[in-house]
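Descriptive analysis of the structure
Here's the letter readout for the chains.
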Amino acid sequence: MVSPCAAVVPLREEPREGAEQATQLLFGEPCTLLDTQERWVRVRSEWDCQEGWADRKMMQLTGESPRVPAKLTMGSMVDGQRVLTGDIRLTEPLPFTHDNLLRIYSILADTPYLWGGKSEWGMDCSGMTQVVFSLFGVQLLRNASEQITQGTPVPSLPEAQAGDLVFFDHAFDNREPRTENRKISHVGILLAKDEVWHCSGWVRRDVIDAQGIRTADGSYTHHLAGIRRMMR
């Protein structure tokens, strides 16, 4: 077993610096070592089973004296404990409350979008939801198209509640018919029945209705495709 010894470690599709970042590993996240290649190691995250190549100098064998980075990030693990932010360690999962959702949102608000990111320096939509729910003790898969297979379905927005995950497909034309085979490409967290917290350009709050995420001019950026409840 190995784990990251840096606050954030890129996990790449190929063993080279310019390869696409598939996701990120956060400090202390346990991984299985699959392969080695000069300066690179191929690993599988024990958290969400994502595989990829990491720079071997940014990884350490589990059981070695941890080289704790100067700044930890949300979702990092230290001595088996999740870190909320800075050096605040969670000895047990946070209670799943609206106040705690708002508390975490206030930490992440305006974080820039980064493909494959899941830290306070940059994250994508599903990286954000994965890290947020880890603080409540819920293990989500990595991508929106995978996360929609988890939890319990909620039939409609009026039946949803704060903390439910809402899933979307690409931006759409209002005249275009809805279909069941659209690819899920985006996910957010409901803060209220008409407000969604998501990462699109940056971590933000927007208006949501039965059709999707609505902008100030009345147009839609994402088509609502499903709702799942991860916490009962």
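Computed from a prediction, not measured in an experiment: that's the story for all the values here.

What follows is about the overall build of the chain. A tally of regular secondary structure across the chain gives three helices and 19 strands. In summary, the chain has a C-alpha radius of gyration of 18 Å against a globular reference of 17 Å for 232 residues, a match within 12%. In terms of overall dimensions, the chain has C-alpha extents of about 55 × 35 × 30 Å along its principal axes. In the chain, which comprises 232 residues, the share counted as buried stands at 50%. Counting only contacts in the chain whose residues sit at least 6 apart along the sequence, the fraction spanning at least 24 positions is 56%. Total accessible area computed for the chain in this model is approximately 11,000 Å², and 51% of it derives from carbon and sulfur atoms. Separation between the mean location of the 25 positive side-chain charges and that of the 31 negative ones in the chain comes to 1 Å.

This part is about unusual backbone geometry. Phi is positive for D79, close to 55°, though the residue is something other than glycine. Mapping D79 onto the fold places it in the loop between β8 (77–78) and β9 (81–85). Located in the positive-phi region is D110, a residue other than glycine, with phi close to 75°. With respect to the helices and strands, D110 occurs in the loop between α1 (98–108) and β11 (118–119).

Tracing the chain through its elements places K71 in the loop between β7 (59–61) and β8. With relative accessibility at 38%, the residue K71 sits in the partly exposed group. The residues touching K71, leaving out its near neighbours within four places in the chain, are A7, E120 and W121.

For the rest of this paragraph, the subject is helix α2 (residues 125–134). Burial within α2 is extensive, with ten of its ten residues counted as buried. Taken together, the buried positions of α2 are occupied by C125, S126, G127, M128, T129, Q130, V131, V132, F133 and S134.

Another aspect to go through is the sheet that holds β9. Reading across the sheet, the three strands line up as β8-β9-β10 and stay open at both edges, with antiparallel pairing between neighbours. Each edge of the sheet is formed by a strand with only one pairing partner; in this case those strands are β8 and β10 (88–90). Note that β9 and β10 share three bridges and pair antiparallel. Across the sheet, the residue bridging to V83 is R89, located in β10.

The rules behind these values
Residues numbered from 1 in each chain as written. Predicted model: local features only at pLDDT ≥ 70, side-chain atom pairs only at ≥ 80, totals over all residues. Heavy atoms only, no water. Helix = DSSP H or I, 4+ residues; strand = E, 2+ residues; numbered from the N terminus. Rg over C-alpha atoms; globule rule 2.2 N^0.38 Å. Buried < 20%, exposed > 50% of the residue type's maximum accessible area, 1.4 Å probe, protein only. Contact = heavy atoms within 4.5 Å. Areas by Shrake-Rupley, 256 points an atom, 1.4 Å probe, with all protein chains shown as cover. Lys, Arg positive; Asp, Glu negative; His and termini not counted. Charge placed at Lys NZ, Arg CZ, Asp CG, Glu CD. Pairing = 2+ DSSP bridges.

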